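So the chains spell out like this:
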Amino acid sequence: MTPLVELKKVTKLFGNKKNPTYALDDMSFSLEEDFPHIITVAGESGSGKTTMMMLLLGFYEPTMGEVLFNGKNIWKLDKDETIEFRRNIQAVFQDPFAVYNPFYKVDNLLSIPIKNFGIAKRPDEARELMENALRRVGLRPEETLGRYPHQLSGGQKQRVAIACAIAGEPDLLIADEPTSALDTIVQAEILALLCDLVR
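Residues numbered from 1 in each chain as written. Predicted model: local features only at pLDDT ≥ 70, side-chain atom pairs only at ≥ 80, totals over all residues. Heavy atoms only, no water.

Attention now moves to the overall build of the protein chain. A tally of regular secondary structure across the protein chain gives seven helices and six strands. Traced from its N-terminal end to its C-terminal end, the protein chain shows the element sequence β-β-α-β-β-α-β-α-α-α-α-β-α. In terms of overall size, the protein chain behaves like a compact globule, its C-alpha atoms giving a radius of gyration of 18 Å where 199 residues would be expected to give roughly 16 Å. Here the C-alpha coordinates of the protein chain stretch approximately 55 × 40 × 35 Å along the principal axes. The buried share of the protein chain, taken over its 199 residues, is 39%. Restricting to contacts in the protein chain with at least 6 residues of sequence separation, those with at least 24 account for 67%. For the protein chain, the accessible surface area stands at approximately 11,800 Å², while carbon and sulfur atoms represent 51% of it. Counting 23 positive and 28 negative side-chain charges, the protein chain places the centres of these two groups 5 Å from one another. (Helix = DSSP H or I, 4+ residues; strand = E, 2+ residues; numbered from the N terminus. Rg over C-alpha atoms; globule rule 2.2 N^0.38 Å. Buried < 20%, exposed > 50% of the residue type's maximum accessible area, 1.4 Å probe, protein only. Contact = heavy atoms within 4.5 Å. Areas by Shrake-Rupley, 256 points an atom, 1.4 Å probe, with all protein chains shown as cover. Lys, Arg positive; Asp, Glu negative; His and termini not counted. Charge placed at Lys NZ, Arg CZ, Asp CG, Glu CD.)

Packed helices, taken two at a time, are described by their axes: the angle between them and the distance between them. Contact geometry for helix α6 (residues 154-166) and helix α7 (residues 184-197): axes closest at 10 Å, N-to-C directions at 15°. Classified by the angle their axes make, α6 and α7 are roughly parallel. The handedness of the crossing between α6 and α7 is right-handed. Contacts from Gly155, Gln158, Arg159, Ile162 and Ile166 in α6 reach Val186, Glu189, Ile190, Leu193, Leu194 and Leu197 in α7. Of the residues belonging to the contact of α6 with α7, the class tally is seven nonpolar, two polar and two charged. (Axes fitted to C-alpha atoms, helices over the stretch in contact; angles between N-to-C directions. Parallel < 35°, antiparallel > 145°, perpendicular 65-115°, else oblique. Left-handed = near helix turned anticlockwise from the far one by under 90°. Nonpolar A, V, L, I, M, F, W, Y, C, P; charged D, E, K, R; others polar.)

A few words now on unusual backbone geometry. The phi angle at Glu169 is positive, at roughly 55°, despite the residue not being glycine. Relative to the elements of secondary structure, Glu169 occurs in the loop between α6 and β6 (172-175). Of note in the backbone geometry, Glu177 takes a positive phi value of approximately 45° without being a glycine. Structurally, Glu177 is set in the loop between β6 and α7. When its relative accessible area of 36% is taken as the criterion, Glu177 is described as partly exposed.

Take the layout of surface pockets next. Taken as a whole, the largest pocket spans an internal volume of roughly 1,200 Å³. Elements with a minimum of two residues in the lining of the largest pocket: β2 (21-31), α1 (49-56), β6 and α7. Take the lining of the largest pocket: its biggest share by element is five residues, from α1. Class assignment for the residues of the lining of the largest pocket results in 23 nonpolar, four polar and eight charged. (1 Å grid on protein atoms, 1.4 Å probe; cavity = no way out; pocket = protein on both sides within 12 Å on 5 of 7 lines; lining within 4 Å. Points joined across faces, edges and corners; volume = space filled by probe spheres on them.)

Now the structure itself:
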């Protein structure tokens, strides 16, 4: 079976050629999509965890090696394959406050993946998808849609960010320390939510 995503002998360097910094050095691993599961990557600060995530998402290009999606190099995908890749590999970032444009309502954030990936054909269908995504993360649509980011708590912001990431039913959700900016009680709630999503 072809892995969903794979890092194949990937090295990522930063800095200049005379004094490079190795963020990742000859790293290989793969993720299958045959069953729902959670994989945790642990390491000290500066060990390359975020760099690995940025490579998997296609935000960084490897210095050496390949990042594969369904067996194909993500930097050589055609337009349709790139859209499929972007839809199926989604992320939840560390700081929920950095995701939001303060001038736009929550509705705008949720509508972006639905619109960009052509998931809904009609406005009412898009609205239903947004509401379902919010319910899946434990939020009430009638209390969330129409609000601005400053009207939400940190935990609510992170839940909306997760709802945005799962709106297109991705095969892989990459979370980069998704609870570190939250208080202890909310951290537990978000971790429990992420576990529930893969059941």
